Amino acid sequence: MNNSPNIVLIHGAWAEGSCWSAVIERLQADGYHVIAPQFPMTALEDDVARLRQVLDLQDGPTIVVGHSYGGQIMTALGTDAPNVAGLVYIAGFGLDEGESLGALLAQGPKTPALVHLFTDPQGFTWLSEDDFVLHFAADVDPVQARVMFAVQQPLAGSALNTVMGVPAWKSLPTWYMVASDDEAIPPDAERRFAQRMGATTVEVAASHVAMVSHPNDVVMLTETAAEACVVAS
């Protein structure tokens, strides 16, 4: 795997880097160099800056894999992503130019995982424990889901209003995993993201956190992207 691209994994809101643990173990066993950094979630520009720092540390082409809001982070790389060979969205947001997460989420009723979303005095949004365990991570063992809830990183509410510039997916090859049992992002919205970006798409009967409950499927899609980018180069 010495000629294989690096893999950078981006966690979403209300999560952190360890949510990728099962995926990391499998990718490392297959010989890939993998990193799953922590993102500050303080503003979209801060998260993009962290991603660029990590990309600058990679030696050679890199596949970037983003879950949920992590998709927003890698999309916001725009046309300036020199080390990136491809994008893999795992139930991730793939906004187009001029769109924002807040406007998108306001188009329909709140999904079950976000019904009791609340904002603290510092302007950061959090999930309630019941919504996290029963809906956000619905197909994860409840003991593990409660641990994930305990380590959730809140998202700055201001990030929901940031308007997307030219999206990176317009100039990079993309792959998309739709989580058909997702109760955070409507699966139909995920299908629309994938369709308009022309992504190679797979669908898995998973909750929002497919990388936790279906790591083998996530690894398979990520390695498919990595192998395709090697062939293309």
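In the block above lies the structure referred to throughout.
What comes next is a walk through the structure. Note that the coordinates shown come from a computational prediction; the quantities given were computed from them, not determined experimentally. (Residues numbered from 1 in each chain as written. Predicted model: local features only at pLDDT ≥ 70, side-chain atom pairs only at ≥ 80, totals over all residues. Heavy atoms only, no water.)

**What to know about empty space enclosed by the protein**
Stage number 1. Enumeration according to the criterion identifies 1 cavity of 30 Å³ or more in this entry.
Stage number 2. Reported here for the largest cavity is a volume of approximately 140 Å³.
Stage number 3. Along the wall of the largest cavity there are 15 residues; nearest its centre are Trp14, Ser68, Phe93, Leu105 and Leu114.
Stage number 4. When grouped by side-chain class, the residues that make up the lining of the largest cavity number 13 nonpolar, 2 polar and no charged. (1 Å grid on protein atoms, 1.4 Å probe; cavity = no way out; pocket = protein on both sides within 12 Å on 5 of 7 lines; lining within 4 Å. Points joined across faces, edges and corners; volume = space filled by probe spheres on them. Nonpolar A, V, L, I, M, F, W, Y, C, P; charged D, E, K, R; others polar.)

**Side note on the pattern of salt bridges**
Stage number 1. This structure, assessed with the given rule, holds 5 salt bridges.
Stage number 2. A salt bridge links Arg191 to Glu203, with the shortest nitrogen-to-oxygen separation between them at 2.5 Å. Separated by 12 residues along the polypeptide, Arg191 in helix H7 (residues 187-196) and Glu203 in strand S9 (residues 200-204) bring together distant segments of the chain.
Stage number 3. Here the residues in one salt-bridge network are Asp188, Arg191 and Glu203, joined through shared partners. (Salt bridge = Lys/Arg side-chain N within 4 Å of Asp/Glu carboxyl O. Helix = DSSP H or I, 4+ residues; strand = E, 2+ residues; numbered from the N terminus.)

**Points about the layout of surface pockets**
Stage number 1. Estimated volume of the largest pocket: approximately 340 Å³.
Stage number 2. Leu104, Leu105, Gly108, Pro109 and Leu114 are, among the 18 residues lining the largest pocket, the residues nearest its centre.
Stage number 3. Going through the elements one at a time, helix H4 (101-105) and H7 are the ones with two or more residues in the lining of the largest pocket.
Stage number 4. Grouping the amino acids of the lining of the largest pocket by side-chain chemistry returns 12 nonpolar, 4 polar and 2 charged.

**Here we look at the packing of aromatic side chains**
Stage number 1. Tallied over the full model, the rule gives 5 aromatic pairs.
Stage number 2. The structure contains a cluster of three or more aromatic residues connected by ring pairs, namely Trp14, Phe132, Phe136 and Phe149. (Phe/Tyr/Trp six-rings, centres within 6.5 Å; stacked < 30°, edge-to-face > 60°.)

**A look at the environment of Pro186**
Stage number 1. Within the secondary structure layout, Pro186 lies in the loop between strand S8 (174-179) and H7.
Stage number 2. Given the relative accessible area of 38%, Pro186 is considered partly exposed.
Stage number 3. Placed 74 residues apart in sequence, Pro186 and Pro112 show a C-alpha to C-alpha distance of 9.9 Å. (Buried < 20%, exposed > 50% of the residue type's maximum accessible area, 1.4 Å probe, protein only.)

**Thoughts on the sheet that holds strand S6 (residues 124-126)**
Stage number 1. Across the sheet, which stays open at both edges, the 3 strands sit in the order S5-S6-S7 with antiparallel pairing between neighbours. The open sheet has two edge strands with one neighbour each: strand S5 (118-119) and strand S7 (155-156).
Stage number 2. Relative to S7, S6 runs antiparallel, the two sharing 2 bridges. By the bridge assignment for S7, Thr125 is matched with Leu155. (Pairing = 2+ DSSP bridges.)

**Looking at the side chain of Thr62**
Stage number 1. On the secondary structure map, Thr62 appears in strand S3 (residues 62-67).
Stage number 2. At a separation of 3.4 Å, a polar atom in the side chain of Thr62 contacts the main-chain carbonyl oxygen of Gly60.
Stage number 3. With residues up to four places along the chain from it excluded, the contact list for Thr62 reads Pro5, Asn6, Ile7, Val8, Leu55, Asn83, Val84, Ala85 and Gly86. (Polar contact = N/O pair within 3.5 Å; in protein donor to acceptor, adjacent residues only side chain to side chain. Contact = heavy atoms within 4.5 Å.)

**Focus on helix H5 (residues 129-136)**
Stage number 1. Taken residue by residue, H5 has Asp131, Phe132, Val133 and Phe136 as its buried positions.
Stage number 2. Elements that come into contact with the buried residues of H5 comprise helix H6 (142-150).

**Structural notes on the environment of Gly66**
Stage number 1. Tracing the chain through its elements places Gly66 in strand S3.
Stage number 2. Taking the relative accessible area as the measure of exposure, Gly66 reaches 0% and is therefore buried.
Stage number 3. Separated by 130 residues in sequence, Gly66 and Arg196 place their C-alpha atoms 17 Å apart.
Stage number 4. Apart from the residues within four sequence positions on either side, Gly66 is in contact with Ile10, Gly71, Met74, Val88, Tyr89, Ile90 and Gly92.

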